[in-house]
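# Commentary on secondary and tertiary structure
Each chain, letter by letter, is given below.
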Amino acid sequence: MPFMEMVFLEDGRIIRPCGADDLVGVSEMVLTEAERSIAKDFDENGWQDFKEYLTSEQLLKRLVTGSKALVVQEVDDEISGYVEISGNQILLLFITKQAQGLKLASRLILRVQETLDLEELYVNSSSKGYEFYREHQFEPLDGWRKEAGVKFRPLKWQRGKE
């Protein structure tokens with residue numbers, strides 16, 4: 001199954017490519033979830049930069065210059081999940097609070113791992129996402145860092161080491 005193909009889940013949700021019409025909703029959803037879950041990983045300047053990174057204009061710019069993104073669309077057409085990849089780097093992975101616990105983030109990660117021809121996949125994990133990535137066989141490359149006002153830990157997944 002190709003990365004950009006729509007997948008209909010048994011519960012009525014759809015995993016599909018992110019389109020230009022989704023960007024405002026994606027931006028709002030990711031910002032809401034980031035405020036709730038990872039804001040403590042940022043200092044004031046880092047948070048302002050992150051908010052700019054999440055604007056629909058910046059999302060569009062990345063998508064037209066090579067990033068790939070999928071959304072999870074609910075039965076009511078609301079967006080409840082988003083993953084964005086550039087090359088072999090996960091840029092963003094967020095699931096709404098209401099949809100957490102349904103393994104949607106796992107489905108998005110597996111979709112990336114199974115459909116993109118990548119031998120390695122990298123992510124700068126937040127403190128909140130660290131255990132999730134470890135459960136998906138991402139290994140630490142270094143300790144916790146704080147750069148440009150953001151606390152993160154670089155991780156790597158390698159095909160064949162699952």
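All values reported here derive from a predicted model rather than from experimental measurement.

Val83, Ile90, Leu93, Leu108, Tyr133 and Phe138 are the most contacted members of the largest nonpolar core, which has 27 residues in total. Broken down by secondary-structure element, the contributors of at least two residues to this core are strand S3 (68-73), strand S4 (79-86), strand S5 (89-95), helix H4 (104-115), strand S6 (120-125), helix H5 (130-135) and strand S9 (150-158). A per-element tally of this core places H4 first, with 5 residues. Residues Ala34, Phe50, Leu54 and Val71 belong to the second largest nonpolar core, which totals 19 residues.

Here the focus is the packing of helix H1 (residues 23-37) against helix H2 (residues 44-53). Relative to each other, H1 and H2 sit at 155 degrees, their axes nearing to 10 Å. When the axis of H1 is compared with that of H2, the two are roughly antiparallel. Considering the relative orientation of H1 and H2, their crossing is right-handed. Here H1 contributes Leu31, Ala34 and Glu35 to the contact with H2, which in turn contributes Trp47, Phe50 and Lys51. Taken together, the residues that form the contact of H1 with H2 break down as 4 nonpolar, no polar and 2 charged.

Right, let's talk about the pattern of salt bridges for a bit. For the structure on display, the rule yields 12 salt bridges. Here Lys40 ties to Asp41 by a salt bridge, and the two come within 3.9 Å at their closest N and O atoms. Exposure remark for Asp41: the relative accessible area of 3% places this residue in the buried category. The shortest N-O distance in the salt bridge between Arg134 and Glu139 comes to 3.1 Å. A relative accessible area of 29% places Arg134 in the partly exposed class. Linked by salt bridges that have partners in common, Asp11, Arg13 and Glu74 make up one network.

Our next topic: unusual backbone geometry. Although it is not a glycine, Asp77 sits at a positive phi angle of roughly 75 degrees. With respect to the element layout, Asp77 can be found in the loop between S3 and S4. Here the phi dihedral of Gln137 falls at roughly 65 degrees; this positive angle occurs in a residue that is not glycine. Position of Gln137 relative to the elements: it lies in the loop between H5 and strand S7 (139-140). Residue class for Gln137 comes out partly exposed when judged on its relative accessible area of 34%.

About the thresholds
- Residues numbered from 1 in each chain as written.
- Predicted model: local features only at pLDDT ≥ 70, side-chain atom pairs only at ≥ 80, totals over all residues.
- Heavy atoms only, no water.
- Core = buried A, V, L, I, M, F, W, Y, C linked by side-chain atoms within 4.5 Å.
- Buried < 20%, exposed > 50% of the residue type's maximum accessible area, 1.4 Å probe, protein only.
- Helix = DSSP H or I, 4+ residues; strand = E, 2+ residues; numbered from the N terminus.
- Axes fitted to C-alpha atoms, helices over the stretch in contact; angles between N-to-C directions.
- Parallel < 35°, antiparallel > 145°, perpendicular 65-115°, else oblique.
- Left-handed = near helix turned anticlockwise from the far one by under 90°.
- Contact = heavy atoms within 4.5 Å.
- Nonpolar A, V, L, I, M, F, W, Y, C, P; charged D, E, K, R; others polar.
- Salt bridge = Lys/Arg side-chain N within 4 Å of Asp/Glu carboxyl O.

This is a description of form; function is not addressed.
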